[in-house]
Amino acid sequence: MIDKQQVVKQNERAVLVGVIHKEQTESQVKEYLDELAFLAETAGAEAVKRFTQKLAHPDRATFVGKGKLEEIRVYVTSRNIDLVIFDDELTGSQISNIQKELKIKVIDRSDLILDIFARRARTAQAKVQVELAQYQYILPRLRGMWSHLERQGGGIGSRGPGETEIETDRRIVKDKIALLRRRLGEIDKQALTQRKDRGEFIRVALVGYTNVGKSTTMNLLSKSEVFAENKLFATLDTTTRKVVFEQTPFLLSDTVGFIRKLPHHLVESFKSTLDEVRESDILLHVVDISHPQYEDQIEVVNRTLQELKAFEKPTVLIFNKMDLYEKNTFDEWLADEVKQDILAQLKQTWNDKSQGNCVFIAATERRNVEELRTVILEKVMQLYRERYPYKSEFFY
C-alpha cells in the first residue's frame, strides 16, 4: 500500500467541513456530514465539530471562504484538533493551500473512503484494487499534496535531462498504475475461471447501500459466518456460498456496499469485484428502512446498478431493520390498530412500486425469514425452468 502522510490514525480528533451551494441543500449537507462522521468513526477518528458555509460555488483556492477558513483555524488551534475532513473532493492545490493556513492534516471524503478500504482489504484482489484507486487519486494531486515520492532507485541516470522532480514523480505513479492494472488483469482472469467453474447454477447477489445489513442477511440465508458489524464497508471482498432451499441449489454472493459520492476511480478499480453483480441472475437489494433517507439510498444504489449495466435484472427489495423502524416511528401511546394501519400503508406503497417484489424483515430478530426464503425460491425456480428445463425433474 502507499506510504503517505494522509492516513487517518486511531483516536484522532477531527472537524468536518461542508458547503451548501446550488447543488446541495442545507438538509442534504447535514445528512452528508452525518455520513461523513460515521465514515470518520469507521476509520478510527472522532468528529468533534462541524463547519458549514453557504456559497454560490466552492472557492477555487481554499474550497471555503477566507473568513470561514480563519474561523476553522482558530477552532483547531484552540481545541487540539488533529484532522480536518472536507465532504467534497479537493484538488491538490486546495489541499496545499488549506494545510498552509491550518497547519494540520487535511483530507477529503474520497481520501477517507480510500483509507477505510485500505484497512479493510484482505484478499490479493482487494489490496490491488485499493492501491490502484489510491494512485489514481494521487496522480492529479501530486503537485499540491507533496513534493516527491520515495523512489525504488536513484543516483546517476535515474532522471532524464531537464526532467523536474514532479515529472519524475508523475512517471513513477503512472508506471505503478500500469503495473497494478496488469496484476489486476491477471487476478481477474483467475476469478473469471473460478466463476465459470461454478456450473449451471442460478446466481443471486446481495446489493445495497453500505451498512444496511447485507452480510447479516447473507448469514441468515446461507447459515454461514460472513463478517458483519455496524461500520461502513465491513465487506470489501465478494463472498459466495452455495445455498439450498427445498432441494433447489443456487449461489448467493455478498458484495461491497455503495455510498454517495463514491470516488469514480474506486468504482473503476472495483468493477472486477462487482462482476459478481453484473453476472448474477437475480439481485436482492437490501434496504435499511429505519434510516431517515432510505429512499435516497435506494436511488444511489439504482444509479450505481445502472452504471454497472445491471439495473434491469430481476430484483427483490428487502426492507431490513423493521424492528428499528417501528422503534423510531411509533410512540408507546400509539394504538396497535394505528400501528398496523401505518405498516399496511407502507407495505402497500412499496408493493405497488416494486410490483410485488418486496419483503419486510428484521434480520437480527430473524423476523419474516420464511417469507423471504419463499420469495427467493420462487424467483430461482422460475429461472431454472426457463433456462435449464432439463433440470426441473431433478430439482422439483
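Along each chain, the written sequence defines residue order, and numbers are assigned to residues from 1. It should be noted that, the model being predicted, local features are given only for residues of pLDDT at least 70 and side-chain atom pairs only at 80 or more, the latter also being counted only at that level, while totals for whole chains, interfaces and linings use all residues. Hydrogens are left out, water is left out, and the side-chain values use all remaining heavy atoms of the structure.

**As for the layout of surface pockets**
Both cavities and pockets are sets of points on a 1 Å grid over the protein atoms alone; in a cavity a 1.4 Å probe fits but cannot get out, in a pocket the set is open with protein on both sides within 12 Å along at least five of seven lines, and lining residues sit with an atom within 4 Å of a point. Grid points are joined across faces, edges and corners, and a volume is the space filled by probe spheres set on the points. Each pocket or cavity is described by its volume, and for the second largest pocket that value is around 420 Å³. Along the wall of the second largest pocket there are 16 residues; nearest its centre are N302, F311, T315, L317 and K353. Each helix is a run of DSSP H or I of at least 4 residues and each strand a run of E of at least 2, with the numbering of both proceeding from the N terminus. Going through the elements one at a time, α11 (294-307), β9 (315-320) and α13 (336-353) are the ones with two or more residues in the lining of the second largest pocket. Looking at the lining of the second largest pocket, the element that brings in the most residues is α11, giving five residues. Three classes are used, and their members are as follows: Ala, Val, Leu, Ile, Met, Phe, Trp, Tyr, Cys and Pro are nonpolar, Asp, Glu, Lys and Arg are charged, and the others, Gly among them, are polar. Taken together, the residues of the lining of the second largest pocket sort by class into five nonpolar, six polar and five charged.

**Some details on helix α14 (residues 369-387)**
One fewer than the residue count of a helix, multiplied by 1.5 Å, yields its expected span. Taking 1.5 Å of rise per residue, 19 residues should cover 27 Å, and α14 covers 27 Å from first to last C-alpha, within 8% of that figure. Working definition: with a 1.4 Å probe on protein chains only, accessible area under 20% of the residue-type maximum means buried, over 50% means exposed, and in between means partly exposed. The set of residues buried in α14 consists of V369, L372, V375, I376, L377, K379, V380, M381, L383 and Y384.

**Some thoughts on the sheet that holds strand β4 (residues 105-108)**
Pairing between strands is defined by DSSP: at least two bridges between them are needed. Strand order across the open sheet formed by four strands is β2-β1-β3-β4, with parallel pairing between neighbours. On the outer flanks of this sheet lie β2 (46-54) and β4, each paired with one strand and no other. Ignoring strand direction, the axes of neighbouring strands in this sheet form an average angle of 25°. The sheet contact formed by strand β1 (residues 13-20) and β2 spans eight bridges and is parallel. Note on geometry: axes are C-alpha line fits, over the in-contact stretch for helices, and angles between N-to-C directions span 0 to 180 degrees.

**Some points on the packing of aromatic side chains**
Between two aromatic rings, the relevant description is the distance of the centres plus the angle of the planes. A pair of Phe, Tyr and Trp rings is counted when the ring centres sit within 6.5 Å of each other, with Trp represented by its six-membered ring. The angle between the planes then sorts it: under 30 degrees is stacked, over 60 is edge-to-face, the rest tilted. Scanning the entire structure with this criterion turns up seven aromatic pairs. Here the aromatic rings of F51 and Y75 are separated by 5.6 Å at their centres, their planes lie at 75°, and the arrangement is edge-to-face. Residue F51 is found in strand β2, and its partner Y75 is found in helix α2 (residues 66-78); the two are separated by 24 residues along the sequence. Here the two residues F51 and Y75 agree in accessibility, since each one is buried. Measuring from centroid to centroid gives 6.3 Å for Y294 and F319, while their planes differ by 90°, and the two rings are edge-to-face.

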